[in-house]
There are 2 protein chains.
Amino acid sequence: MDSIIDTAMNASSPLMGTSHPFYPLEVEIAAYLANEMTMQVLLTIFVAMILTIVGGTKLWVDKVHPNLPGKEKAAIWWFVISGAIHLCFEGYFSVNHTRMAPAQDLFGQLWKEYALSDSRYLTSDPFVLCMETVTAFTWGPMCFFIAYFITTSNPLRHPLQIIVCVGQMYGLVLYYATAMFDHYYNSAAYSRPEFLYFWVYFFAVNFIWMVIPGLLLVSSVRTIARTFAAFDKMTLALQKGTNGKAKGSKKDI
Amino acid sequence: MDSIIDTAMNASSPLMGTSHPFYPLEVEIAAYLANEMTMQVLLTIFVAMILTIVGGTKLWVDKVHPNLPGKEKAAIWWFVISGAIHLCFEGYFSVNHTRMAPAQDLFGQLWKEYALSDSRYLTSDPFVLCMETVTAFTWGPMCFFIAYFITTSNPLRHPLQIIVCVGQMYGLVLYYATAMFDHYYNSAAYSRPEFLYFWVYFFAVNFIWMVIPGLLLVSSVRTIARTFAAFDKMTLALQKGTNGKAKGSKKDI
């Protein structure tokens, strides 16, 4: 896949000022340095890190909370990995957004690989930066709280789960929509056009944060609605019972 | 206050291309036409419309649902006026964003008055447009559903209230943050510097959507947490009761 970039860079090299593979080709990305690691190595390390975190969480949950239903266990894995990505990976961008282009540490190179699908990560785009900052430092920590609250059946779990899921989904809708608006209305594409970058990195990878938060959101809304309905029914039944008893005693008298 | 604008425009007229009072002065706003109505007339009409909607809602609630607690009544007024502003006023911007600068209808002139505090409304700013579109056509209608659900004690009321409040607050945080980032980092101020525009229009008016949704969000989270705790307690008590009875009958036998 690196050859796509090489070919594209060679093809575009006659254009003045194009010294990087990101779109739009004419965008200025100061002090850019090409990644030292290949895409294959970077993605392997990233996937390995994710599998380690999910696997570690699974082992811990199975040991400490073996009786939790399978769906709740899966929700914990999700919130731990989601929180870790928000806080560490997206937090890295939020803190280092001015020095992304020449970065050669692991997360810096990973972001440059991802930026092939969205150059806004290399240009301190105001919306992307603000959205990622909220995601990293608000939704990130809250993900860990929710994971913990699932294990303790804390009554705050579902309200917090709704807050985080809405935050993740709304952020993503705005992320897609702003890019698509600039693409169609301002003819500014931030993603390279190859299938891997636009459809896999930009669309599909992010879409995970639409599907899973969507399912969890629906589940929380339904759980709350069901609990409220059952609570009302129970209260009513108890009141009737009490009234019935009261009436009964009156009769007895 | 119009004299501020006149003075500012005269002062800035030597600058090439500055034919409008919006900041940054060099931003291109094609086909701009100055408002035909004065600020005083525009704001009077706008405030009168809001008071009419809130007053009408109050009369209706007092007549049809006189026994609702005062806080619930106030929540209904809020969701009706908030929904109306989202759907009609912000919806107007979403639909007409390409023809805001020369507009002379009521909402067009009101938006041009507001744009003195944020010119992004006259330049189809991608983030502002996308955020306003979601606000108008998602949070807007949901506000009306919540107002209705309050009157029917629908168990979906609090989950939906959390969703809308998070949506409103997150949208506003990003709205403030993107403007402040461009102001401090890119030296691009979208608001005129006068107190009225920056502090009243841009900061204070919008801040209402931080304070009231914030209070409603906390209230919903607490109501849900309390109901879950009470439901668990009740279920436990009933289980104990049943167990007790069962034990009792065993003893009897």
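Here the structure is a predicted model, which is why all the values come from computation and not from measurement.

Engineer: Please explain the overall build of chain A as it appears in this structure.
Structural biologist: Looking only at helices and strands, one finds 7 helices and 0 strands in chain A. For chain A, the N- to C-terminal ordering of α and β elements is α-α-α-α-α-α-α. For chain A, the proportion of its 253 residues judged to be buried stands at 50%. Only carbon and sulfur atoms are counted for the fraction: they give 68% of the accessible area of chain A, which is about 12500 Å².

Engineer: Teacher, can you tell me more about the relation of the copies chain B and chain A here?
Structural biologist: One chain copy maps onto the other through a rotation about an axis and a shift parallel to that axis. Each copy of the sequence occupies a distinct position, and chain B is placed on chain A by a rotation of 180 degrees and an axial shift of 0.0 Å, giving an RMSD of 0.0 Å. A rotation of that kind, with that shift, is consistent with a two-fold axis. Among all residues of chain B, the minimum C-alpha distance to the rotation axis is found for Phe231 of chain B, at 2.9 Å. The overlap is high: 100% of the interface residues of chain B also sit at the interface in chain A, so the same surface is used on both sides.

Engineer: Would you take a moment to explain helix H5 (residues 126–151) of chain B for this structure?
Structural biologist: The α-helix winds at 3.6 residues per turn, so residues separated by three or four positions along the chain end up facing the same way. Residues and elements named next belong to chain B. Taking 1.5 Å per residue as the helical rise, H5 with its 26 residues ought to reach 38 Å, and the 37 Å between its terminal C-alpha atoms agrees with that figure. Bending of H5 peaks at approximately 30 degrees at the position of Thr135. Within H5, 19 of the 26 residues are buried, leaving the element largely enclosed by the surrounding structure. Backbone nitrogen of Phe127 and a side-chain oxygen of the N-cap are separated by 3.1 Å at the start of H5; the cap is Asp125. Positive phi appears at Ser153, one or two residues downstream of H5, with a value of about 50 degrees.

Engineer: What should I look at first to understand the packing of H5 of chain B against helix H6 (residues 157–184) of chain B in this one?
Structural biologist: Residue and element names in this part refer to chain B. One way to put it is that H5 packs onto H6 with a least axis distance of 9 Å and a crossing angle of 155 degrees. Relative to H6, the element H5 is oriented roughly antiparallel. For the pair H5 and H6, the sense of crossing is left-handed. Every residue of H6 that contacts H5 at Phe127, Val128, Met131, Trp139, Met142, Cys143, Ile146, Phe149 and Ile150 is listed here: Arg157, Leu160, Gln161, Ile163, Val164, Gly167, Gln168, Gly171, Leu174, Tyr175 and Thr178. Its residues assigned to classes, the contact of H5 with H6 shows 14 nonpolar, 5 polar and 1 charged.

Engineer: Got a minute to help me understand the environment of Pro141 of chain A in this structure?
Structural biologist: Examined against the element boundaries, Pro141 of chain A turns out to sit in helix H5 (residues 126–151). Look past the residues within four positions of Pro141 of chain A in its chain and what remains in contact with it is Leu87 and Ala136 of chain A.

Engineer: I'm lost on the environment of His97 of chain A in this one. Help?
Structural biologist: As for its position among the elements, His97 of chain A is in the loop between helix H3 (70–96) and helix H4 (106–114). In this structure, the C-alpha to C-alpha distance between His97 of chain A and Tyr121 of chain A, residues 24 residues apart in sequence, is 7.2 Å. Excluding anything up to four places from it in sequence, His97 of chain A contacts Ser124 and Leu129 of chain A together with Phe181 and Tyr185 of chain B.

Engineer: Just checking my understanding: could you explain the UniProt feature "domain: EXPERA" (unreviewed entry) in chain A for this structure?
Structural biologist: The feature "domain: EXPERA" (unreviewed entry), as given by UniProt, occupies residues 71–217 of chain A in the numbering adopted here. The distance separating the terminal C-alpha atoms of residues 71–217 of chain A is 14 Å; by composition the span is 76% helix and 0% strand.

Engineer: Teacher, can you tell me more about the nonpolar core here?
Structural biologist: In a soluble, globular protein the nonpolar side chains are often hidden away together inside. Within the largest apolar cluster, 136 residues are counted, with the highest numbers of intra-cluster contacts made by Tyr175 of chain A together with Tyr175 of chain B. When residues no more than four places from it in sequence are discounted, the contact partners of Tyr175 of chain A are Tyr114, Asp118, Arg120, Tyr121, Phe127, Val128, Met131, Phe202 and Asn206 of chain A.

Engineer: I tried to follow the UniProt feature "transmembrane region" (unreviewed entry) in chain A on my own but got confused; where do I start?
Structural biologist: Feature annotation in UniProt assigns "transmembrane region" (unreviewed entry) to the following positions: residues 29–54, 75–95, 126–150, 162–178 and 198–218 of chain A. Overall, residues 198–218 of chain A shows 100% helix and 0% strand. The separation of its end C-alpha atoms is 28 Å.

Engineer: What's the story with the packing of aromatic side chains in this structure? I'm lost.
Structural biologist: Aromatic ring pairs are defined here through the distance separating the ring centres and the angle between the ring planes. Summed over the entire model, instances satisfying the criterion amount to 54 aromatic pairs over all chains. Between Phe93 of chain A and Trp111 of chain A, the ring centres sit 5.7 Å apart and the planes meet at 50 degrees, which makes this aromatic pair tilted. Note that Phe93 of chain A is positioned in helix H3 and Trp111 of chain A in helix H4, a separation of 18 residues in sequence. Trp111 of chain A carries the same exposure label as Phe93 of chain A, and that label is buried. Consider the rings of Tyr114 of chain B and Tyr201 of chain B, whose centres lie 6.5 Å apart with planes at 15 degrees: the pair is stacked. You can see Tyr114 of chain B sitting in helix H4 (residues 106–115) and its partner Tyr201 of chain B sitting in helix H7 (residues 195–252), a full 87 residues away along the chain. Considered together, Tyr114 of chain B and Tyr201 of chain B belong to a single accessibility category, that of buried residues.

Engineer: Mind showing me how you'd approach the interface of chain B and chain A here?
Structural biologist: By a widespread convention, an interface's size corresponds to the accessible area lost as its parts come together. Counting residues at the interface gives 42 residues for chain B, matched by 42 residues for chain A. Taken together, both faces of the contact between chain B and chain A bury some 3500 Å²; the carbon and sulfur share is 89%. Linking chain B with chain A are 0 residue pairs in polar contact (both at pLDDT 80 or more). Of all the secondary-structure elements, those providing two or more residues to the side of chain B that touches chain A are H5, H6 and H7 of chain B. Among the elements that take part in the side of chain B that touches chain A, H6 of chain B stands out by supplying 14 residues, more than any other. Residues belonging to the side of chain B that touches chain A are distributed by class as follows: 29 nonpolar, 12 polar and 1 charged.

Parameters and conventions
Residues numbered from 1 in each chain as written. Chains lettered and ligands numbered in written order. Predicted model: local features only at pLDDT ≥ 70, side-chain atom pairs only at ≥ 80, totals over all residues. Heavy atoms only, no water. Helix = DSSP H or I, 4+ residues; strand = E, 2+ residues; numbered from the N terminus. Buried < 20%, exposed > 50% of the residue type's maximum accessible area, 1.4 Å probe, protein only. Areas by Shrake-Rupley, 256 points an atom, 1.4 Å probe, with all protein chains shown as cover. Least-squares fit on C-alpha atoms with pLDDT ≥ 70 in both. Contact = heavy atoms within 4.5 Å. Expected span 1.5 Å × (residues − 1). Bend = angle between axes of the 7 residues up to and from the residue. Polar contact = N/O pair within 3.5 Å; in protein donor to acceptor, adjacent residues only side chain to side chain. Axes fitted to C-alpha atoms, helices over the stretch in contact; angles between N-to-C directions. Parallel < 35°, antiparallel > 145°, perpendicular 65-115°, else oblique. Left-handed = near helix turned anticlockwise from the far one by under 90°. Nonpolar A, V, L, I, M, F, W, Y, C, P; charged D, E, K, R; others polar. UniProt positions renumbered as here; feature names shortened; annotations may be inferred. Core = buried A, V, L, I, M, F, W, Y, C linked by side-chain atoms within 4.5 Å. Phe/Tyr/Trp six-rings, centres within 6.5 Å; stacked < 30°, edge-to-face > 60°. Buried area = accessible area lost by both parts, 1.4 Å probe.

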